[in-house]
Every structure is written in C-alpha cells, then in structure tokens.
Amino acid sequence: MTVKLFVTDLDGTLLPSGAAVPAENIAAVQRAVRAGVTVTIATGRMYRAALPVAKVLGVDVPIITYNGALIKSVTGRVYYSNFLKPDIIVRVIDFCRAQGWYVQSYSKDELWVPVHDEHAQHYEHEQQVQGHVVGWDGLKEHTEEVCKLLTISESAEETQARLQLLNEHFGQEIMAMRSNARYAEIVNPGVSKAEGLKHLAAKLHIPIEETMAIGDSYNDLPMLKAAGRSVAMGNAVPEVKAVCDYVTASCEEFGFAKAIDTLVLGGGANE
C-alpha cells in the first residue's frame, strides 16, 4: 500500500513519557516527509503541550490534540474543533467533586486546576505545562473553548470504575475514555483520535486507505481501527496489539523509526 498520511501517538510511541523526542525518530520523520508523506501527531495532550514536539520534528503539519477535539497546525491554523458545552462542564465538575475525585479543565488551551496537589504537580511535570490554581468554584468559571476534562486516579481499576460511573450518570451527554491507566478523559460524544484522523484525511484529500496510524494505548484503539493500516508499539497494551496489522519494536528501541523505515519507506506494508 501507499502511505500518504502517517499519524503517530506521542507518549510511549514517538517519545518516552515526559522525555524529549529521540534523534532517531526525528530523522525518520524527515525521511518520510522528503518522500512525500505527511506525518502528523494525534495525542490526548493539549495543543500547547504537543506544539513543542511538533516543532522539534521540523515540519508545519496539522496536529490532532485533545484526543481529536482540536486539530490545529504548528502555525496556528485551526482545521477542526469540538468544545464541551458550559453547562455540561459545570455538572461534570460538581459530580467529580461530590465523588471526591481530582479533576482538571482546559479552557482556551490553558490548564486549570482546583488544587495544586500531587496530581496537578505530576501532570505539570509530565506535560511541561504550568496550570492555573483557581479552586473548585473558579474551575467552573472557565468554561469557554474547553476541549476536555481530565480526572486522575490512583490505579487502572479505579479509572475503569470512574469511566463506568461517568458514562452511566451522564449518558449520551459526554463520553469518558481511558487514555492511560490513571487518566479518564471526558469529551463530547464522537470525539476520538479516529474522528480526528478522518477529518484531517478529508481536509488533505487523502483516502483513508492511504493512511497509517501507530500507537500504544487505549485511546489509540479507535484511530488504529480507522486507519488504512495500523502499527502497535512493542510496549503497547495487549488490546492494541490485538487489533493492529503490524507490531514494531518498543519506544525505547526506536520502534517508531523502524516502522517508518520498514513499513512506509521500505515497502514492508506491501508484504
């Protein structure tokens, strides 16, 4: 198959969580771009947290952020946005607070947190962003252009329980999904990396059959199923490996670069 659009997850795929993009992966992106392939990012991260990574890659591409709720280029052109309604935001915040859960919000691509506890501090360090500490009532005052809310738990089991409660309580008003073991993301129904991939491919006039996606975690599953071909990282969760066409090496073994060279540039995807 010919790959014209290659979409990659960030943490655990293009880069080790919280670390810089390896030089090997940057070089692989550049090789693909020179060959005429559009390489882009699809991440649960906020735009401002994904932007430095996109800039390091050295190409001005539309990047899929907030799990598909915002597609925006490096130079600031907005391709797509899907914001939560203010009344839903307030109700979800109140619900999380009543449950005793930590939750944070993203308004106008800024991070807003109710308290500066260990959850907020760890997230800031991991994403290299600084949040605004506004208290629980203050959190409800920032409801403009909110792509998602995020509640952080202590374990995968607790995260799964929160997802179930959120989806049961709010029904079709929101969609709660797991992005990693401790993160439960709250977005509008229909928002996903898969929809982001479809929107971007349509904007670029690239048939979905000529797309390839690579990832490692649960929120990558819809995108991997939607792409023309899919690649699981060697460190991917079993559910991701089960749905993908190929499995590459782990993030630490530069599996991303190997996938580019073997499957996109080397013709391995035709085998």
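Provided above is the structure to which this section pertains.
Note that the coordinates shown come from a computational prediction; the quantities given were computed from them, not determined experimentally.

Chemist: Would you mind going over the overall build of the chain with me for this structure?
Modeler: In terms of helices and strands, the chain carries 10 helices and 14 strands. For 271 residues, the compact-globule estimate of 2.2 N^0.38 gives 18 Å, and the C-alpha radius of gyration of the chain, at 18 Å, lies within 12% of that figure. Here the C-alpha coordinates of the chain stretch approximately 55 × 35 × 30 Å along the principal axes. When each of the 271 residues of the chain is scored for burial, the buried share is 55%. Of the contacts formed within the chain by residues at least 6 apart in sequence, a portion of 55% connects residues at least 24 apart. Side chains of the chain give 24 positive and 33 negative charges; the mean places of these two sets differ by 5 Å.

Chemist: Just to check I follow, could you spell out helix α10 (residues 255-265) for this structure?
Modeler: Turn by turn, an α-helix covers 3.6 residues, leaving residues three or four places apart pointing in a common direction. When we look at burial in α10, the residues that qualify are Gly 255, Phe 256, Ala 257, Ala 259, Ile 260, Leu 263 and Val 264. Here the buried face of α10 lies against β1 (5-8), α1 (23-34), β12 (211-215), β13 (229-232) and β14 (246-247).

Chemist: For this particular structure, what's the right way to read the side chain of Thr 248?
Modeler: Residue placement: Thr 248 occurs in the loop between β14 and α10. For Thr 248, a relative accessible area of 14% puts it in the buried group. A distance of 2.8 Å separates a polar side-chain atom of Thr 248 from the backbone oxygen of Gly 255. Once residues within four sequence positions are removed from consideration, Thr 248 is found in contact with Ile 214, Val 231, Ala 232, Met 233, Gly 234, Gly 255, Lys 258 and Ala 259.

Chemist: In this structure, what is going on with the environment of Met 233? I would like to understand it.
Modeler: Structurally, the position occupied by Met 233 is in the loop between β13 and α9 (238-243). Met 233 sits 22 residues away from Gly 255 along the chain, and the two C-alpha atoms are 6.4 Å apart.

Chemist: For this particular structure, what's the right way to read the sheet that holds strand β5 (residues 78-81)?
Modeler: Read across the sheet, three strands follow the order β3-β4-β5 without closing on themselves; strand pairing throughout is antiparallel. For this open sheet the edge positions go to β3 (62-65) and β5, each flanked by a neighbour on one side alone. Here the average twist between neighbouring strands, direction ignored, is 20 degrees. Examined bridge by bridge, β3 and strand β4 (residues 70-73) share four bridges and lie antiparallel to one another. The residue of β4 that forms the bridge with Pro 62 is Ser 73. Docked against the sheet, helix α2 (residues 47-57) engages β3 and β4, running at close to 140 degrees with respect to β3.

Chemist: Could you clarify how one ought to interpret the pairing of strand β6 (residues 103-107) in this entry?
Modeler: Remember that side chains alternate between the two faces of the sheet whenever the strand is regular. Judged by how many residues are buried, β6 sits mostly within the fold: five of five residues are covered. Because side chains alternate across β6, one face comprises the buried residues Val 103, Ser 105 and Ser 107, and the other comprises Gln 104 and Tyr 106, equally buried. Direction of pairing for β6 relative to strand β9 (residues 146-152): antiparallel, over a ladder of four bridges. If you follow Gln 104 over to β9, its bridge partner there is Leu 150. The pairing of β6 with strand β7 (residues 110-113) spans three bridges and is classified as antiparallel. Bridging across to β7, Ser 105 finds its partner in Trp 112. Linking β6 back to β7 in an antiparallel pair, the connection comprises two residues, with Lys 108 at a positive phi of about 55 degrees.

Chemist: Got a minute to help me understand the side chain of His 119 in this structure?
Modeler: Counting through the fold element by element, His 119 comes out in helix α4 (residues 118-127). Look at His 119 and you get buried, because its relative accessible area is 8%. Within the structure, His 119 has its side chain in polar contact with the side chain of Arg 182 (distance 3.4 Å). In contact with His 119, not counting residues within four places along its chain, are Tyr 102, Ile 152, Ser 153, Glu 154 and Arg 182.

Chemist: Would you take a moment to explain the packing of aromatic side chains for this structure?
Modeler: When we look at a pair of aromatic rings, we describe it by the centre distance and by the angle of the planes. Evaluated as defined, the whole model comprises six aromatic pairs. Considering the side-chain rings of Tyr 66 and Tyr 106, the 5.6 Å spacing of their centres and the 80 degrees angle between planes classify their relative orientation as edge-to-face. One end of the pair, Tyr 66, is in the loop between β3 and β4; the other, Tyr 106, is in strand β6, and 40 residues separate them in sequence. For the pair formed by Tyr 66 and Tyr 106, the shared burial category is buried. Where Phe 95 meets Trp 101, the ring centres are 5.8 Å apart and the plane angle is 85 degrees; that geometry is what we call edge-to-face. No difference in accessibility class separates Phe 95 from Trp 101, as the two residues are buried. Taken together, the ring pairs in this structure connect Tyr 66, Tyr 106, Tyr 123 and Tyr 183 into an aromatic cluster. Taking NZ or CZ as reference, Arg 77 lies 4.4 Å from the ring centre of Tyr 79, over its face. If you follow Arg 178 out to its NZ or CZ, it ends over the ring of Tyr 218, 3.7 Å from the centre.

Rules and cut-offs
- Residues numbered from 1 in each chain as written.
- Predicted model: local features only at pLDDT ≥ 70, side-chain atom pairs only at ≥ 80, totals over all residues.
- Heavy atoms only, no water.
- Helix = DSSP H or I, 4+ residues; strand = E, 2+ residues; numbered from the N terminus.
- Rg over C-alpha atoms; globule rule 2.2 N^0.38 Å.
- Buried < 20%, exposed > 50% of the residue type's maximum accessible area, 1.4 Å probe, protein only.
- Contact = heavy atoms within 4.5 Å.
- Lys, Arg positive; Asp, Glu negative; His and termini not counted.
- Charge placed at Lys NZ, Arg CZ, Asp CG, Glu CD.
- Polar contact = N/O pair within 3.5 Å; in protein donor to acceptor, adjacent residues only side chain to side chain.
- Pairing = 2+ DSSP bridges.
- Axes fitted to C-alpha atoms, helices over the stretch in contact; angles between N-to-C directions.
- Phe/Tyr/Trp six-rings, centres within 6.5 Å; stacked < 30°, edge-to-face > 60°.
- Lys NZ or Arg CZ within 6 Å of the ring centre and 35° of its normal.

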